[in-house]
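An overview of the molecular structure
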Amino acid sequence: MNQPSTLVVPASAWRLATGFGRILLLSVVAFWWGAYVLPHLFSLAFPALLPPWNTTLGRLNASNEGTIANSVSAGTLACVTLLVVATAVVGHRRSAGRIAVGGWALMALTTAALTIEELAEFKKDGPISVVGQAERLGVPWPVLVSPLVVAFVLAMWVFVRKGLRAWETRAPLALGIACWVLALLHETIDPWLFYGRARAIEFVLEETLEFSGTLLIGLSAALALRVGRPPTFPQLVRRWSQSLTASIAVVTLLGGLALVFLFRPPLVEALAPYTRAQAFGVSLQRQEALVQELHMPATPVHSIRLRLANCDSTGRPGTVAVRFTTLDAPDRILSRGSVEIPASDCPRWRDIELLPPLTAAEGSQLALQVVADVAPGAELGIGATKDDRFPDGRLWINGELAWPDQNLEFVAYGAPEPTRSKLLAIWRLGTSDWRWLLLAADVLVALTLITVIPVLLTATALVPSTHSGTLAVRGTRPKE
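Rules and cut-offs
Residues numbered from 1 in each chain as written. Predicted model: local features only at pLDDT ≥ 70, side-chain atom pairs only at ≥ 80, totals over all residues. Heavy atoms only, no water. Helix = DSSP H or I, 4+ residues; strand = E, 2+ residues; numbered from the N terminus. Buried < 20%, exposed > 50% of the residue type's maximum accessible area, 1.4 Å probe, protein only. Contact = heavy atoms within 4.5 Å. Areas by Shrake-Rupley, 256 points an atom, 1.4 Å probe, with all protein chains shown as cover. Phe/Tyr/Trp six-rings, centres within 6.5 Å; stacked < 30°, edge-to-face > 60°. Salt bridge = Lys/Arg side-chain N within 4 Å of Asp/Glu carboxyl O. Expected span 1.5 Å × (residues − 1). Polar contact = N/O pair within 3.5 Å; in protein donor to acceptor, adjacent residues only side chain to side chain. pLDDT = per-residue confidence, 0-100. Axes fitted to C-alpha atoms, helices over the stretch in contact; angles between N-to-C directions. Parallel < 35°, antiparallel > 145°, perpendicular 65-115°, else oblique. Nonpolar A, V, L, I, M, F, W, Y, C, P; charged D, E, K, R; others polar. Patch = residues over 30% accessible without salt bridge, like charges linked within 9 Å, V, L, I, M, F, W, Y side chains within 5 Å. Arc of directions from axis to C-beta. Core = buried A, V, L, I, M, F, W, Y, C linked by side-chain atoms within 4.5 Å.

1. Concerning the overall build of the chain
- Broken down by element type, the chain carries 12 helices and 15 strands.
- Burial analysis of the chain (480 residues in total) assigns 42% to the buried set.
- Of the contacts formed within the chain by residues at least 6 apart in sequence, a portion of 80% connects residues at least 24 apart.
- As displayed, the chain has an accessible area near 24400 Å², and 64% of this comes from carbon and sulfur atoms.

2. Focus: the packing of aromatic side chains
- Scanning all chains against the criterion turns up 4 aromatic pairs.
- Both rings, one in W32 and one in F211, keep their centres 4.1 Å apart while their planes meet at 10°; by these two values the pair is stacked. You can see W32 sitting in helix α1 (residues 11–45) and its partner F211 sitting in helix α9 (residues 198–224), a full 179 residues away along the chain.
- Overall, the relative accessible area of 0% leaves W32 in the buried class.
- Residue classification places F211 among the buried positions, given a relative accessible area of 2%.
- Plain terms: the ring middles of W33 and F211 are 6.3 Å apart, the flat faces sit at 55° to each other, and that makes the pair tilted. Of this pair, W33 sits in helix α1 while F211 sits in helix α9, and the two are 178 residues apart along the sequence. Pair check on accessibility: W33 and F211 agree, each one buried.

3. Quick word on unusual backbone geometry
- Cis peptide bonds are those with omega within 30 degrees of zero, and the linkage from L355 to P356 qualifies with -15°.
- Within the element layout of this structure, P356 appears in strand β8 (residues 345–358).
- In this structure, Q287 takes a positive phi of about 65° despite not being glycine.
- With respect to the helices and strands, the residue Q287 is situated in the loop between β3 (279–284) and β4 (289–295).
- One non-glycine residue, N398, lies in positive phi territory at about 50°.
- Given the relative accessible area of 37%, N398 is considered partly exposed.

4. Points about the pattern of salt bridges
- Under the criterion given, the structure shown has 3 salt bridges.
- R305 is the partner of D351 in a salt bridge, and the nearest nitrogen-oxygen pair spans 3.1 Å. Here the residue D351 occupies a position in strand β8, and R305 occupies one in strand β5 (residues 301–310), the gap between them amounting to 46 residues.

5. Describing helix α3 (residues 68–93)
- Between the first and last C-alpha of α3 there are 38 Å, a value that for 26 residues agrees with the 38 Å anticipated at 1.5 Å per step.
- Looking one or two places after α3, you find S95, whose phi comes out positive at around 55°.

6. Notes on the side chain of T76
- Its place among the elements puts T76 in helix α3.
- Looking at T76, its side chain comes within polar contact range of the main-chain oxygen of V72, at 2.7 Å.
- Residues in contact with T76, not counting those within four places in the same chain, are V28, F211, T214 and L215.

7. Here we look at the confidence of the model for the chain
- When pLDDT is averaged along the chain, the result is 77; 78% of the residues meet or exceed 70.
- Below a pLDDT of 50 lies the segment residues 122–127, which in the model reaches 12 contacts outside its immediate sequence neighbourhood of four places, other chains included.
- Scored below 50 in pLDDT, residues 467–480 shows 44 contacts in the model against residues more than four places distant or in partner chains.

8. Details of the packing of helix α11 (residues 420–432) against helix α12 (residues 434–462)
- With their axes 4 Å apart at the nearest point, α11 and α12 run at an angle of 105° to one another. With respect to α12, the axis of α11 lies roughly perpendicular. The residues of α12 that touch α11, namely those facing L429, G430 and S432, are W434, W436 and L437.
- Tallied by class, the residues present in the contact of α11 with α12 amount to 4 nonpolar, 2 polar and no charged.

9. Considering a nonpolar patch on the surface
- Together, V250, L253, L254, L257 and F261 make up an exposed nonpolar region whose accessible area comes to about 460 Å².
- Of note, L254 is situated in helix α10 (residues 233–261).

10. Side note on α11
- Here α11 contains 13 residues, and its C-alpha end-to-end distance of 18 Å stays within 8% of the 18 Å for a straight helix at 1.5 Å per residue.
- For α11, the complete set of buried residues consists of K422, A425, I426, L429 and G430. Buried residues along α11 cover an arc of 130° about the axis, so they all sit on one side. Opposite the packed face of α11, turned more than 90 degrees from it, sit the exposed residues R420, W427, T431 and S432.

11. Description of the side chain of S220
- Within the secondary structure layout, S220 lies in helix α9.
- Those residues within four positions of S220 in sequence are excluded, and the remaining contacts are W104, T169, P172 and L173.

12. Looking at the environment of V371
- In this structure, V371 sits in strand β9 (residues 365–373).
- According to the relative accessible area criterion, V371 is buried, its value standing at 10%.
- Separated by 87 residues in sequence, V371 and L284 place their C-alpha atoms 8.3 Å apart.
- Excluding its chain neighbours within four sequence positions, the residues that come into contact with V371 are Q287, E288, A289, T319, V320, A321 and R323.

13. Quick look at the environment of R350
- With respect to the helices and strands, the residue R350 is situated in strand β8.
- Take R350: its relative accessible area is 11%, and that puts it in the buried class.
- Taking the C-alpha atoms as reference, R350 lies 5.6 Å from R305; in sequence the two are 45 residues apart.

14. A word on the nonpolar core
- Counting residues in each nonpolar core, the largest one holds 36 residues, and the members touching the most others are I304 and F410.
- Not counting the four nearest positions on each side in its chain, I304 is found in contact with V322, F324, R350, D351, I352, L354, L368, F410, V411 and A412.
- Counting residues in each nonpolar core, the second largest holds 31 residues, with W33, C179, A446 and L456 among its members.

So, in C-alpha cells, the structure goes:
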C-alpha cells in the first residue's frame, strides 16, 4: 500500500541555489548584451571607429562556430534543458496535471534538440542536416520545418493556457516562445528582406532573439519550481510594466535619432542577390578602369560603396579612385574620392566619401569611373553582377562595352546629416518599396524586444525573495 511522502529541501540550500541562479542569469545577460549586442550595434552605427571586420568582433560573433558567444549560447541551452527537465519531474511528483507535465516534457525535448544542434553544428552534407535536406528540395529550411513549428506552437498554446496558472510563470514562457518564433521568421525572410548593410543588424537580432527566448524559458521553469504564488508578485508585475514602457520609449527615441543622424538612405542601388549566384569579379591592372552609366538621383550623393579586393600577394597595397563625370563631357569631373586597399585583402564592401558631394540636375546622365592604381603586375578585384540588377545604365570595362545584363555592384548614399534633402530621401525610400516599411517594422519590434528583455531579466533577478520556507516535492512511497 502506498502513502504520501515528502522530499524536503532545506531553506538554506534553496536560498543558495536561488542566489547562484540569479548570479548566473545576471552574468550571461551582462556578457551577451555587453560583449555581443552593444559592440556590434556600435560598429554598425560607427564603422570608422569600430570596423565590422574587427578581429574582436569576429571572435564574439554568435553566428560563427566555435566563438565565445556561440559557446555561451550552447551552454545556456544545456542549462535550460536541465532546468526544464527538473521542472517536469517536480511537476509530476506534485501531481501538477498531464498538460503541465507534458508541456514541460515537450519543452525539454525541444531545448535538448536545439542544444545538440548548437553543439554538433551539423554540416550541410550530414545525413540528419535540415539545411542540407532543404537545399536538396530547393526550399528554405524554416519552410521545411514549418509543420513541426506550427504543431509545437499549438501545443505550447494549450500548455500555457491550460497547464500554467501563475502569471509570473506564463508570461516569460509565452514571451520566450514568441522570441523563438520571431527568430525563425528572421531566418525565413533574411534572403529577400535583409540585404546590404541591413544584414549586419539582422545577424545580431536573430541570434539575440533566440538567446533571449532561451533565457525567458529558463526563467519560467525556475519560477515554476517555487511552491505557491510568490509573495513578490505585485512587485514583479510593476517592474515588468515599468521596464516595458521605458524600453519602448528608449528604442523609439534612439531609433528616431539614429534614423535622422546616422542612417544614410541608399539613393542608387545595384546589389547582387543574397545568394551571390549572379555576382562575379572584374580584375583590373594598373590604370585600368570600369565605367558605369547611371542617372542622377533627386538627392546629392555623398558616398559610394563598392566591393573591392586586392589580389597582390607580395604585400603591396593598392588604391581605388572613383570619379563622377557627365556622359557628354567625360573630362569634366563633378566629384571624386579614393580608398586604399591593403594587400591580400579579401573581397569586402568599402565606403568611399565623395568630395565635393555629387550634385547635378535630377535625371541627367552620369558616368561613374572606377580606376585601379596598383603596382605593376598586381591586380585589383571589383564586384559586379550579371542579373541585370541595374537596367538604368551600361557597363564599360577598359573601354569595351560589357554584356547588356552586366553592371557594377554598387550603392550610392546620401548625407548622414539631418538635412531636408535627406529627410526627403528617407520618405521616398520608404514609399518606393513596401519591403522597406516591413523592414522598419520588423527591426523596431526586434530592437524593442532585445532592449526590454535584459531589463526584465535583470529586474526579475533583483526582486528580493521573501520565500523562507522549504521546497517540498510530494510523491508516494510504499508503506513499510
